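One letter stands for each residue in the lines below.
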Amino acid sequence: MHVTFLSPPAGAAVGALQAGSGSGSSSCITSSCGVAAVMMAARAAVFRWVSEDIISTHYLTNRFTLQTQQRCGFRKVAKKVEPKKGVAEEAELNEILHKKGVAPAPDPPTPHVPARSFGRLVKPFVFTIGFTGCSFGGAAIWQYESLKSRVQSYFDDVKADWLEKIRPQKQGDLRKQVNQWWNSLSDGQKTVTGIIAANALVFCCWRVPSLQRSMLKYFTSDPSSKALCWPMLLSTFSHYSLFHMGANMYVLWSFSSSIVNMMGKEQFMALYLSAGVISTFVSYVSKTAMGRFGPSLGASGAIMAVLAAVCTKMPEAKLAIIFLPMYTFTAGNALKAIVALDTAGLILGWRFFDHAAHLGGALFGIWYIIYGHELIWKNREPLVKMWHDFRSRGPGAGGNGSI
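Residues numbered from 1 in each chain as written. Predicted model: local features only at pLDDT ≥ 70, side-chain atom pairs only at ≥ 80, totals over all residues. Heavy atoms only, no water.

A few points about the UniProt feature "transmembrane region" (unreviewed entry) in the protein
In the numbering used here, UniProt assigns the feature "transmembrane region" (unreviewed entry) to residues 237-256, 268-286, 292-312 and 359-377. A distance of 16 Å separates the end C-alpha atoms of residues 237-256, which is 75% helix and 0% strand. Counted over residues 268-286, helix gives 100% and strand 0%. Its end C-alpha atoms are 27 Å apart. (UniProt positions renumbered as here; feature names shortened; annotations may be inferred. Helix = DSSP H or I, 4+ residues; strand = E, 2+ residues; numbered from the N terminus.)

In structure tokens, the structure reads:
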């Protein structure tokens, strides 16, 4: 759930008050002339007080006053409308003030309205392309280093097992229990544990009052903000609501084993980080095109890419909702329903969720499984060879530099 900060609608109280005015006005017709005059005068005063102190709607007050005048014969003196000062009168007033040595009042500042300029999206676009390339390039190098150290890790594991057998066992050792829990996790769950920890840390930072300004600037994405590029990544780890973070992290944990077994942890991390930046860029484009600016935050765009990748790769897999485990559906149907819902939200202008970011992440996940894996990941060999040659010539290279 990629959430945007919004203000609640203010028309409900006005509608309720207008509904009440109709019933109150109809009772005045059946009353006698004297009693009706008193009742309508009292009601007009009550309505005027309610409209001024609670809703401050001048149109509603005039409406009730007009009905009272028509039905009971009361007349209200029309207010004098003072003509606006022209340019000549303002210049004359400024000249008089200047002669008296008084400075003229400054003009009130005009509120800043963000410009709908697509030129501001050039830097985010370049950042998106560059960061995506660096993510998959770094993942390829990470996989190379993992393969290179696998032999050394094997001997380290054998040595650790031998020491564990000869070492006296401790009862109630907390570190041992933590190690047992960690070893019981799958590779996917171990990988997303770091992501969950980062999200929890950022969530705690939102609770520090002195960090609020920095959090709003760098951990929320808004195309009208001064900071445009880094918030595209940092907002992917940012959640203000505990329920928002819990729901996103639960979905990520549920799909972690499938996506890591399918791609490997290195390719998964590249997909996740790139999807977070790409989904934010799609949100930038949507907000700029519609003129609806506002901060957004959440990992939903990246998680939608993970969900879409799994559902595209295994469309016949059975899924279920945690609260309704008795109802199951295929992964392909679930993906179609989610994409349709976010498309409807984007077209109809629903503003509680950032539907553009959801769609951007989902479409990137589908594209990567169908085309991106062949175009990007399977063509990583030249970069890996360059890194291998660089490591072989380095001071830490051993032997002929082979794995």
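We are not done yet, so read on.
Comments concerning the pattern of salt bridges
Scanning the model with the defined rule gives three salt bridges in all. We note a salt bridge from Arg391 to Glu145, for which the minimum N-O separation is 2.4 Å. Residue Arg391 is found in helix H16 (residues 381-393), and its partner Glu145 is found in helix H5 (residues 122-148); the two are separated by 246 residues along the sequence. Here Arg391 falls in the partly exposed class, since its relative accessible area comes to 25%. Between Lys385 and Asp389 there is a salt bridge whose closest N-O contact spans 3.4 Å. Placement of both Lys385 and Asp389 in helix H16 is noted, with a separation of four residues, approximately one turn of the helix. Assessed through its relative accessible area of 28%, Asp389 is described here as partly exposed. (Salt bridge = Lys/Arg side-chain N within 4 Å of Asp/Glu carboxyl O. Buried < 20%, exposed > 50% of the residue type's maximum accessible area, 1.4 Å probe, protein only.)

Some remarks on the packing of H5 against helix H12 (residues 265-290)
Interhelical geometry of H5 versus H12 gives an angle of 175 degrees and a closest axis separation of 8 Å. Between H5 and H12, the interaxial angle falls into the category roughly antiparallel. Facing Pro124, Phe125, Phe127, Thr128, Phe131, Thr132, Ser135, Phe136, Ala139, Trp142, Gln143 and Ser146 of H5, the residues of H12 in contact are Lys265, Glu266, Gln267, Met269, Ala270, Leu271, Leu273, Ser274, Val277, Ile278, Phe281 and Tyr284. Each residue belonging to the contact of H5 with H12 can be placed in one class, and the counts come to 15 nonpolar, seven polar and two charged. (Axes fitted to C-alpha atoms, helices over the stretch in contact; angles between N-to-C directions. Parallel < 35°, antiparallel > 145°, perpendicular 65-115°, else oblique. Contact = heavy atoms within 4.5 Å. Nonpolar A, V, L, I, M, F, W, Y, C, P; charged D, E, K, R; others polar.)

What about a nonpolar patch on the surface?
A cluster of nonpolar residues, Tyr250, Ile321, Ile322, Phe323, Leu324, Met326 and Tyr327, forms a patch on the protein surface that exposes about 820 Å² of accessible area. A per-element tally of the nonpolar patch places strand E4 (residues 324-330) first, with three residues. Tracing the chain through its elements places Tyr250 in helix H11 (residues 242-263). The class of Tyr250 is partly exposed, set by a relative accessible area of 44%. (Patch = residues over 30% accessible without salt bridge, like charges linked within 9 Å, V, L, I, M, F, W, Y side chains within 5 Å. Areas by Shrake-Rupley, 256 points an atom, 1.4 Å probe, with all protein chains shown as cover.)

What about helix H13 (residues 300-313)?
Compared with the 20 Å implied by 1.5 Å per residue over 14 residues, the 20 Å span of H13 between its first and last C-alpha is a close match. Burial in H13 covers these residues: Ser300, Gly301, Ala302, Ile303, Met304, Ala305, Val306, Leu307, Ala308, Ala309, Val310 and Cys311. In this fold, the buried residues of H13 make contact with H11, H12, strand E3 (318-321), helix H14 (331-348) and helix H15 (355-375). (Expected span 1.5 Å × (residues − 1).)

Some words on helix H8 (residues 187-205)
For H8, built from 19 residues, the straight-helix expectation of 27 Å at 1.5 Å per residue is met to within 8% by its first-to-last C-alpha distance of 28 Å. All of the buried residues along H8 are Gly188, Gln189, Thr191, Val192, Ile195, Asn199, Val202 and Phe203. At its buried positions, H8 is contacted by helix H9 (212-218), H11 and H12.

Comments concerning the confidence of the model for the protein
Across the protein, the average pLDDT comes to 75, with 64% of residues at 70 or higher. A low-confidence stretch, residues 5-77 (pLDDT under 50), is modelled with 50 contacts involving residues beyond four sequence positions or located in other chains. Contacts from residues 81-85, a stretch scored under 50 in pLDDT, to residues over four places away or in other chains number two contacts. (pLDDT = per-residue confidence, 0-100.)

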